[in-house]
Amino acid sequence: MSIKQNPRLAGWGQRPAQLPDFRNLGVVLRTLLLVNAFAIAAVFVRNTDLSLLVGEVLEMAVNVEFPLILNVASLFLMQTLLRRLPFGAGVATVLAVVATIALVSRSLLSPIETGGLLRPLLWSLTTAGCVLTYFHQRDSARAPALAEARLLALTARIRPHFLFNSLNGVLGVLRSNPRRAEEGLEELADLFRALMQDNRELVPLTDEIALCERYLNLERLRLGERLQVAWQRDPQAEAALVPPLMLQPLIENAVYHGIEPGAGPGTVSITIERRGPEVIIAIANPLLDAVSHHPGNRMALDNIRERLMLFYDLEATLDTERDADAYRVRIRLPFRSER
Amino acid sequence: MSDTADFAPLAVLIVDDEAPARERLRDVLGDVADTQPTRIAGTAANGVEALALLEHETVDLILTDIRMPVMDGVELARHVGRLERGPAVIFTTAYDEYAVRAFELAAVDYLLKPVRAARLAEALAKARRIRPPADEILRQMAPTRRSHFSINERGRILLVPVGEVLYLKAEQKYVVARSREREFLLDESLVQLEEEFPERFLRIHRNCLIARNAVKGVARATTGMDGESHWVIIVDDLAEQLPVSRRQWPAVKEALGV
């Protein structure tokens, strides 16, 4: 089988420009840091007498933090609207919001002092422009990384062991149970379709779960009763958008390390739950051989961790833990849905 | 071709932990039966089951998967290799880059799953000439350490789980393996055993390795004519003490944390 990716990868640079996700923790933190850095730099430049520095910084803080927090909060609230606008209109909207807040907060904070509205207005707009430029640069710098991550996702996914064993399993039941063999091939086709599609957009968790069920059904063909699965699902979590092919590789690992090396039946448990603004996904498998630490396992984990980072920045985590008899992977990610 | 025995059906034992994989081999063996007559002597889901079957079945050829629970295919071949007129062994593997490379280097016969009829017929044609690869080669490509020791007793293989062996002692040509219940003679060298199981066995004397978890304690003892005292290891569950040589004592002391 050959998978040709490069021609499609070439189109990656032409991704339309996007505003940053103002609800992302990383974006919020970076904005706060950048604006404060600008403000402090401005105070230093203006300062003539070091003994007045502390006072000037405090005064700046009063003038800057209030509108800054208002801005961050407004953009957070407007995120759904902003995402629907084309890039240019989005930038204009953001600047308009920044300008309005600068004027309003100026008149609220220091109604007596008439230093003019122009200076704070220009300062706010310049800073906002710089911050937006920074995010735009960062975004385009990351585009090749995203493309690479997708390629990684693909190459990491085709575990030859799995492909050939599945084909062998299908051939094994072909004569005795042609219906089951058909099903197996359909499941294999679905899996490969998912592997080969454009994997750069988030997908609904329900789709990922459906894919995993097909995958598990295919494994059941080979492993029979040895593969037991305990799902614990939460309908509230399932509307969440998640990186494509996040769940399936982890379940594949659980089967490879927790079920295949055991002679008797073993259980892979998959727990999905919504906890406030977050979705928690946990996958556990029996710990059979503490000795074998397959490099493939860590590769898949690193790959998923990297993609979580690209999609959610600091807001998602992936942890693993092992105790006496089980190995667990736990993913925590922000709940986002299509609406 | 001159020998009529060449045309007697070959007794084949199929070993794979996946039922459809066993089924598939059975199908394909049936497909090539016209030119390569075979008879299924049995099927097994892992190495231990296969060895149990070998006790009362005559088998000419074992077709075995590599990665299996309980006992993998490579270890199975190692035990089978101890039999005097044991069956031939051909490995089947879906995909195992490491093992395949080792096979090529050692010119070991293997089949890639899914197995094609033509390729299987070819392997069957020369099956009577295929002996299990030399133990040395299998030892190097073993994906894991052996789970069992095997003893060749009057043409059958007796398995002793490695975990049940308390100590190994070299005696002339053999190594004596002591379990709680009895002693076994292994046709192996102490040095090789020490290399294969460094985490499990600890050398305490030129002629002795002890299982780390079988050590109950250490003591000073006076033995022999010279009346010199030296360290001994008290073996768990056995009223037996094993001398620690002066040379090994520093290493033993460190390993056991005494």
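Criteria and cut-off values
- Residues numbered from 1 in each chain as written.
- Chains lettered and ligands numbered in written order.
- Predicted model: local features only at pLDDT ≥ 70, side-chain atom pairs only at ≥ 80, totals over all residues.
- Heavy atoms only, no water.
- Helix = DSSP H or I, 4+ residues; strand = E, 2+ residues; numbered from the N terminus.
- Buried < 20%, exposed > 50% of the residue type's maximum accessible area, 1.4 Å probe, protein only.
- Contact = heavy atoms within 4.5 Å.
- Areas by Shrake-Rupley, 256 points an atom, 1.4 Å probe, with all protein chains shown as cover.
- Lys, Arg positive; Asp, Glu negative; His and termini not counted.
- Charge placed at Lys NZ, Arg CZ, Asp CG, Glu CD.
- Patch = residues over 30% accessible without salt bridge, like charges linked within 9 Å, V, L, I, M, F, W, Y side chains within 5 Å.
- Salt bridge = Lys/Arg side-chain N within 4 Å of Asp/Glu carboxyl O.
- Pairing = 2+ DSSP bridges.
- Axes fitted to C-alpha atoms, helices over the stretch in contact; angles between N-to-C directions.
- Domains from an automatic or database assignment.
- Buried area = accessible area lost by both parts, 1.4 Å probe.
- Polar contact = N/O pair within 3.5 Å; in protein donor to acceptor, adjacent residues only side chain to side chain.
- pLDDT = per-residue confidence, 0-100.
- Arc of directions from axis to C-beta.

Trainee: Give a description of the overall build of chain B that names residues and reports values.
Mentor: Per the secondary structure count, chain B includes eight helices and 15 strands. Dimensions of chain B, computed from C-alpha atoms along their principal axes, come out at roughly 75 × 35 × 30 Å. Split into buried and exposed, the 258 residues of chain B put 48% on the buried side. Of the contacts formed within chain B by residues at least 6 apart in sequence, a portion of 57% connects residues at least 24 apart. Surface summary for chain B: the accessible area is close to 13000 Å², and the carbon and sulfur share equals 49%. Charge centroids of chain B, computed over 35 positive and 41 negative side chains, lie 4 Å from each other.

Trainee: So what about a nonpolar patch on the surface? Which residues, and what values?
Mentor: Residues and elements named next belong to chain A. On the surface, a nonpolar cluster with roughly 510 Å² of combined accessible area is contributed by Val 62, Phe 66, Leu 70, Val 104, Leu 108 and Leu 109. Only helix H3 (53–84) and helix H4 (87–109) provide two or more residues apiece to the nonpolar patch. A relative accessible area of 37% means that Phe 66 is categorised as partly exposed.

Trainee: So what's going on with the sheet that holds strand S13 (residues 215–222) of chain B? Which residues, and what values?
Mentor: Residues and elements named next belong to chain B. Spatially, three strands are ordered S13-S14-S15 in an open sheet, and the strand pairing comes out antiparallel. Single-partner strands in this sheet number two, and they are S13 and strand S15 (241–243). Along the sheet, successive strands turn relative to each other by an average axial angle of 35°, direction set aside. Bridge analysis of S13 against strand S14 (residues 229–235) gives seven bridges, and the strand direction is antiparallel. Within S14, the residue paired with Val 218 across the bridge is Ile 233.

Trainee: Which residues make up the side chain of Asp 17 of chain B, and what values do they have?
Mentor: The residue Asp 17 of chain B is located in the loop between strand S1 (10–15) and helix H1 (19–31) in this model. Classification of Asp 17 of chain B by relative accessible area gives buried; the value is 10%. In contact with Asp 17 of chain B, not counting residues within four places along its chain, are Arg 226 and Glu 260 of chain A together with Arg 22, Ala 45, Asp 65, Arg 67, Met 68 and Pro 69 of chain B.

Trainee: Mind laying out the domain arrangement of chain A, listing which residues take part and the relevant values?
Mentor: All names here are of chain A. Per the domain assignment, the segments of chain A are domain 1 (25–148) and domain 2 (157–334). Each of domain 1 and domain 2 has a C-alpha centre, and these two points are 43 Å apart. For the pair domain 1 and domain 2, the summed buried area comes to about 590 Å², and 58% of that belongs to carbon and sulfur atoms. Remark: the boundary between domain 1 and domain 2 carries zero salt bridges.

Trainee: Please set out the sheet that holds strand S4 (residues 88–93) of chain B residue by residue, giving values where relevant.
Mentor: All names here are of chain B. Reading across from one edge, S2-S1-S3-S4-S5 is the order of the five strands in this open sheet, with parallel pairing throughout. Only two strands of the sheet have a single neighbouring strand rather than two, namely strand S2 (38–44) and strand S5 (110–112). Recorded for the sheet is a direction-independent mean angle of 25° between the axes of neighbouring strands. For S4 and S5, the ladder comprises three bridges, and the chain directions are parallel. Among the inter-strand pairings, Thr 92 is bridged to a residue of S5, identified as Leu 111. Packing of helix H2 (residues 47–54) onto the sheet brings it into contact with S1, S2 and strand S3 (61–65), and relative to S2 it is tilted by some 130°.

Trainee: Could you give an account of the interface of chain B and chain A, naming the residues involved and the relevant values?
Mentor: For interface size, the figure often reported is the accessible area lost on association. Opposite the 17 residues of chain B that make contact, chain A presents 20 residues. The contact between chain B and chain A buries some 1700 Å² in all, and 53% of this surface belongs to carbon and sulfur atoms. Our enumeration of links across chain B and chain A arrives at five salt bridges. Summed over the shared surface of chain B and chain A, the number is five residue pairs in polar contact (both at pLDDT 80 or more).

Trainee: How would you sum up the confidence of the model for chain B? Please name residues and give values.
Mentor: Residues and elements named next belong to chain B. When pLDDT is averaged along chain B, the result is 86, and 92% of the positions lie at 70 or above. In the model of chain B, helix H4 (residues 97–106) stands out as the element of lowest mean pLDDT, 71, in contrast to S2, which has the highest, 96. Predicted confidence is poor over residues 1–5, with pLDDT under 50, and the contacts of this stretch with residues over four places away or in other chains come to three contacts. Listed scores for the predicted complex are pTM 0.71 and ipTM 0.74.

Trainee: I'd like to hear about H2 of chain B, residue by residue, with values.
Mentor: All names here are of chain B. Those residues of H2 that fall on the buried side of the exposure criterion are Gly 47, Ala 50, Leu 51, Leu 53 and Leu 54. Viewed along the axis of H2, the buried residues span an arc of 160°, placing them on a single side of the element. Buried-residue contacts for H2 involve S1, S2, S3, helix H3 (73–80) and strand S7 (156–161). N-cap assignment for H2: the residue whose side-chain oxygen lies 3.0 Å from the backbone N of Val 48 is Asn 46.

Trainee: Outline the environment of Tyr 134 of chain A, supporting the account with residue identities and numerical values.
Mentor: Residues and elements named next belong to chain A. Among the structural elements, Tyr 134 can be located in helix H5 (residues 118–157). By relative accessible area, which is 30% here, Tyr 134 ends up partly exposed. Taking the C-alpha atoms as reference points, Tyr 134 and Thr 31, separated by 103 residues in sequence, lie 9.6 Å from one another. For Tyr 134, the residues in contact, after removing those within four places along its chain, are Arg 30 and Leu 34.

Trainee: Explain the pairing of strand S5 (residues 278–286) of chain A to me, using residue names and the numbers behind them.
Mentor: Residues and elements named next belong to chain A. Inspection of the sheet shows strand S4 (residues 266–275) paired to S5 by seven bridges, in the antiparallel sense. Paired with Ser 269 across the strands is Ala 284, a residue of S5. Linking S4 to S5, which pair antiparallel, is a turn of two residues; within it Gly 276 sits at a positive phi near 60°. Relative to strand S7 (residues 326–334), S5 runs antiparallel, the two being bridged by nine bridges. Considered in S7, the bridge of Ala 282 is made with Arg 330.

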